[in-house]
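Structural features, examined
So the chains spell out like this:
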Amino acid sequence: MSELTNRSVGTSSAAPAGGAEFRWTRRHVLTLAVLCLAALLDTIDVTVVNVAMPAIRDSLHFSEGGLAWMVDAYMVPFGGFLLLGGRTGDLLGRRRVLVAGTAVFAAASLGSALAPSAGVMIATRAVEGLAAAFVVPMTLAMLTSEFPAGPPRTRAFSVWGGISAAAGTLGLVVGGALVSAAGWRWIFLINIPVGLIVIVAALRVLPADSPRGGGAAASRRAFDLGGAVSVTAGASLLAYAVAQTSSHAWGSARTVGLLCGAAALTGYFVVHEAREERVGRTPLMPLSLWRNRSVAGANIVSALLASAMFAVFYSTTLYMQQVLHYSALRTGLAYVPFGLSILVAAAAAPALVSLAGIRVTSILGSAVSLAGLVLLARVPVAGHLLTDIILPTVIVGLGAGTVIVPTSVAAMSGVTADQHGVASALLNVSRQLGGALGLAVIATVVASFAARSAAAGNAAAAALTAGFHAGFAVSALLVVVGLFTAAVLLREDGRGQRVNLIALQTGQ
């Protein structure tokens, strides 16, 4: 049994070093509240724009194929800079980075709210994602430093994890309510007062940063800025190359050139990381992790599942609003059962891992999600809320929530203690970048098939539905690939062990 699985049983000491019993105080409660609010502000922004996409498209004249950039422009820099963001806080001070990141996020949100064109919106969304990549790791790091291992930290991370898990669904509901009541620009304007509250509260409640040693030269060596920029630029260029195929064929000089540029940047990233690791520096992503079969399998499965999940949000949102003509609020509320199904499955999955093991649990969860996607791929033009939206999305959510736990365990299997943090962060990067790239592909497929159906003389609603059918079919194919990846690469670890997901992700 791997070291990580043994660590994940969660048998940490209940008291901090020195034997003093931990007591919750008003300061601890406020610290937890501030850190949870900061994380919520950033993570909710991944999905809050989904229900507003039709309104923003009409206002800023997004193309159907380019609409996915409303989400991808945020996710790509968020995923690409997560690892660098965490390291920055260690070097420059966590409270300092959290406050600065939140300020940039609030300013970028104002830019998104006032955006006069699609290009400006994409740019400001990218800045939001970049800022979030520096804030979210700070909330995790400060929870770890402020709450001692054992029940106090477990309780703090339970609250943080529950809020983060609910952020996706909450974003859809809040976004729907704001769009229906005040217009789409308010989904960004609301971030400004909330961001100010986080900044003021952080300066008053969170502990001040201690002076950092090591000198400027050491700090520069610890920053793998080249790695962060190259992987983010490569992923962005690849997503853009895919998205623009709706107007430029795959074999066109433009598309081939963009794909070659993305490949060159990705290749540079791999070579750069290998060099950083070889000379004894701190690479953004140690390539040695990918030589671990379990780690590689977990990250691939997670990236493929994230691709399918973000596409479900994208396609079902447009289906409900453009085909069924639901309001933004009704669309957001329709996702509540979906979000709850993910939470329920994730809560039950540790017991399933203990009973059946990592590999079987991952395969089972993928198969359940696949069944839900097959149902979505057959939605009719005149669909019904319960049978054609809620039922299949709940099935997808139950499967996805089940896969989250075994892939989290597998991503840390066989990883040495000093690499637990980067292995956990790598899993989050895989989910974000995998979801962004998958969404770019599926959004392009949806737009292409819808245009082809419309050109064949079908009515607008029927043409859009045909596009969504194709998109859900591609999502199902991604899950099939993920299922086979789990069967081949994941191990049987976990059977008979009590999995503590909080201890797993926090290194307790």
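Presented here is a report on the structure given in the accompanying data block. (Residues numbered from 1 in each chain as written. Predicted model: local features only at pLDDT ≥ 70, side-chain atom pairs only at ≥ 80, totals over all residues. Heavy atoms only, no water.)

So, about the layout of surface pockets. Taken as a whole, the second largest pocket encloses approximately 670 Å³ of empty space. Along its surface, the second largest pocket is lined by 31 residues, and A303, S430, L433, G434 and L437 are the ones closest to its centre. Listed by contribution, the elements that provide at least two residues to the lining of the second largest pocket are helix 4 (69-80), helix 12 (225-243), helix 13 (253-278), helix 14 (293-323), helix 19 (420-455) and helix 20 (460-489). A total of 9 residues in the lining of the second largest pocket trace back to one element, the largest contributor, which is helix 19. Among the residues forming the lining of the second largest pocket, the class breakdown is 22 nonpolar, 9 polar and no charged. (1 Å grid on protein atoms, 1.4 Å probe; cavity = no way out; pocket = protein on both sides within 12 Å on 5 of 7 lines; lining within 4 Å. Points joined across faces, edges and corners; volume = space filled by probe spheres on them. Helix = DSSP H or I, 4+ residues; strand = E, 2+ residues; numbered from the N terminus. Nonpolar A, V, L, I, M, F, W, Y, C, P; charged D, E, K, R; others polar.)

It is at 9 Å that the axes of helix 14 and helix 20 come closest, and there the two elements cross at 165 degrees. Here helix 14 lies roughly antiparallel to helix 20, going by the angle between them. Helix-helix and strand crossings are classified by hand; for helix 14 and helix 20 the assignment is left-handed. Its residues placed into classes, the contact of helix 14 with helix 20 shows 20 nonpolar, 10 polar and 1 charged. (Axes fitted to C-alpha atoms, helices over the stretch in contact; angles between N-to-C directions. Parallel < 35°, antiparallel > 145°, perpendicular 65-115°, else oblique. Left-handed = near helix turned anticlockwise from the far one by under 90°.)

Moving on, we get to the packing of aromatic side chains. Counted according to the given criterion, the structure contains 9 aromatic pairs. Pairing F313 with Y335 gives two aromatic rings, centres 5.4 Å apart and planes at 50 degrees, and the pair type is tilted. Of this pair, F313 sits in helix 14 while Y335 sits in the loop between helix 15 (328-334) and helix 16 (336-356), and the two are 22 residues apart along the sequence. As far as the burial class goes, F313 and Y335 line up, both buried. Pairing F313 with F338 gives two aromatic rings, centres 5.3 Å apart and planes at 55 degrees, and the pair type is tilted. Here F338 lies in helix 16 and F313 lies in helix 14, a separation of 25 residues in the sequence. (Phe/Tyr/Trp six-rings, centres within 6.5 Å; stacked < 30°, edge-to-face > 60°. Buried < 20%, exposed > 50% of the residue type's maximum accessible area, 1.4 Å probe, protein only.)

Turning our eyes to something else, we now look at the pattern of salt bridges. Throughout the structure, instances matching the rule amount to 5 salt bridges. Residue R57 pairs with D58 through a salt bridge whose shortest N-O separation is 3.0 Å. With relative accessibility at 15%, the residue R57 sits in the buried group. Residues D209 and R96 are paired through a salt bridge, measuring 3.9 Å at the closest nitrogen-oxygen approach. Taken together, the residues span a long stretch of sequence, with D209 in the loop between helix 10 (191-205) and helix 11 (215-222) and R96 in helix 6 (residues 94-113) at a distance of 113 residues. Taking relative accessible area as the criterion, R96 reaches 48% and is therefore assigned partly exposed. When salt bridges with common partners are traced through the structure, they connect D45, R125 and E128 into a single cluster. (Salt bridge = Lys/Arg side-chain N within 4 Å of Asp/Glu carboxyl O.)

Turning to empty space enclosed by the protein, a few remarks are in order. Within this structure, the stated rule accounts for 2 cavities of 30 Å³ or more. Taken as a whole, the second largest cavity encloses approximately 30 Å³ of empty space. The wall of the second largest cavity is formed by V301, L304, L305, S366, L478, V479 and G482. Put simply, the parts of the chain that give the lining of the second largest cavity at least two residues each are helix 14 and helix 20.

To continue, consider unusual backbone geometry. Despite not being glycine, H61 has its phi angle at roughly 65 degrees, a positive value. By the element assignment, H61 lies in the loop between helix 3 (53-60) and helix 4. Looking at H61, the relative accessible area reads 67%, which means it is exposed. Positive phi is not limited to glycine here, since H325 has a value of about 60 degrees. Mapping H325 onto the fold places it in the loop between helix 14 and helix 15.

This paragraph deals with the environment of L375. Its location among the elements puts L375 in helix 17 (residues 358-376). What makes L375 partly exposed here is its relative accessible area of 39%. Those residues within four positions of L375 in sequence are excluded, and the remaining contacts are P392 and I395. (Contact = heavy atoms within 4.5 Å.)

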